[in-house]
Amino acid sequence: MEGNSNNSRQKKGGRHLKKDPAVFRYSISLNAEENARFLSLFEHSGMNVMAHFITACIFQKTIKTIKIDKTTMDYYMRLTTLYGQFRAIGVNYNQVVKLLYRNFSEKKAAASLYKLEKETIELAVLSQKMIQLTGQFETNYLKK
């Protein structure tokens, strides 16, 4: 008798039972086209569990779908890199001007700065053209 009382005192291991467990199961069949469409929607939803995605679809819960346009991301990455290069050019420009006036005569420095100024004007025109093209790209290809 004493052995039975010890057994009843031992705790069971494992998970705690759910208060309202999901025990009802349903099965559906999809053809190849429907399955491909379903998997595409599931991937775009960003959900990790397919059962949760199906439940959300059945009960019309909101499902987030995120589409990432690789060309747009590539464009912005390159634009950011180019912007960084423009900033570096500005820093270098200031350093060159200081070095010219420090190491050369006023006349020689002014002649070199004239050439540098012409190139800077070309760079500014190019920058304005890039800003214009970026504006066109945003209005034509990016949906807000």
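Our structure is the block above this text.
Residues numbered from 1 in each chain as written. Predicted model: local features only at pLDDT ≥ 70, side-chain atom pairs only at ≥ 80, totals over all residues. Heavy atoms only, no water.

**Student:** Help me out: how do you make sense of a nonpolar patch on the surface in this one?
**Tutor:** Together, Leu39, Met50, Ile54, Ile58 and Phe59 make up a nonpolar patch on the protein surface, roughly 470 Å² of accessible area in all. Broken down by element, the nonpolar patch gets its largest block of residues, three residues, from helix H3 (residues 50-58). By the element assignment, leucine 39 lies in helix H2 (residues 32-45). Judged by its relative accessible area of 34%, leucine 39 falls in the partly exposed class. (Patch = residues over 30% accessible without salt bridge, like charges linked within 9 Å, V, L, I, M, F, W, Y side chains within 5 Å. Areas by Shrake-Rupley, 256 points an atom, 1.4 Å probe, with all protein chains shown as cover. Salt bridge = Lys/Arg side-chain N within 4 Å of Asp/Glu carboxyl O. Helix = DSSP H or I, 4+ residues; strand = E, 2+ residues; numbered from the N terminus. Buried < 20%, exposed > 50% of the residue type's maximum accessible area, 1.4 Å probe, protein only.)

**Student:** What should I look at first to understand the packing of helix H4 (residues 70-103) against helix H5 (residues 106-141) in this one?
**Tutor:** When two helices pack together, their arrangement is given by the angle between the helix axes and by the axis-to-axis distance. Two elements in contact, H4 and H5, have axes separated by 11 Å at closest approach and are oriented at 165 degrees. As summarised for this structure, H4 and H5 are arranged roughly antiparallel, according to the angle between their axes. Crossing of H4 against H5: the hand is left-handed. Split into classes, the residues belonging to the contact of H4 with H5 amount to 18 nonpolar, five polar and two charged. (Axes fitted to C-alpha atoms, helices over the stretch in contact; angles between N-to-C directions. Parallel < 35°, antiparallel > 145°, perpendicular 65-115°, else oblique. Left-handed = near helix turned anticlockwise from the far one by under 90°. Nonpolar A, V, L, I, M, F, W, Y, C, P; charged D, E, K, R; others polar.)

**Student:** How should I be thinking about the layout of surface pockets in this particular structure?
**Tutor:** Gaps between atoms show up when a probe of the same size as a water molecule is rolled over them. For the largest pocket, the calculated volume is near 700 Å³. Forming the boundary of the largest pocket are 19 residues, of which Tyr26, Ala51, Ile54, Thr55 and Ile58 lie nearest the centre. For the second largest pocket, the calculated volume is near 180 Å³. Lining the second largest pocket, in full, are Phe86, Ile89, Gly90, Asn92, Tyr93, Leu116, Glu119, Thr120, Leu123 and Ala124. Elements represented by at least two residues in the lining of the second largest pocket include exactly H4 and H5. Looking at side-chain class alone, the lining of the second largest pocket contains six nonpolar, three polar and one charged residues. (1 Å grid on protein atoms, 1.4 Å probe; cavity = no way out; pocket = protein on both sides within 12 Å on 5 of 7 lines; lining within 4 Å. Points joined across faces, edges and corners; volume = space filled by probe spheres on them.)

**Student:** Honestly, the packing of aromatic side chains in this entry has me stumped. Any pointers?
**Tutor:** Given two aromatic rings, their pairing is described by the distance between the two centres and the angle made by the two planes. Applying the stated criterion across every chain yields a total of two aromatic pairs. Aromatic pair phenylalanine 42 and phenylalanine 53: ring centres 5.6 Å apart, planes at 65 degrees, arrangement edge-to-face. Of this pair, phenylalanine 42 sits in helix H2 while phenylalanine 53 sits in helix H3, and the two are 11 residues apart along the sequence. Per residue, the accessibility class of phenylalanine 42 equals that of phenylalanine 53, and both read buried. These aromatic residues form a ring-pair network of at least three members: Phe38, Phe42 and Phe53. (Phe/Tyr/Trp six-rings, centres within 6.5 Å; stacked < 30°, edge-to-face > 60°.)

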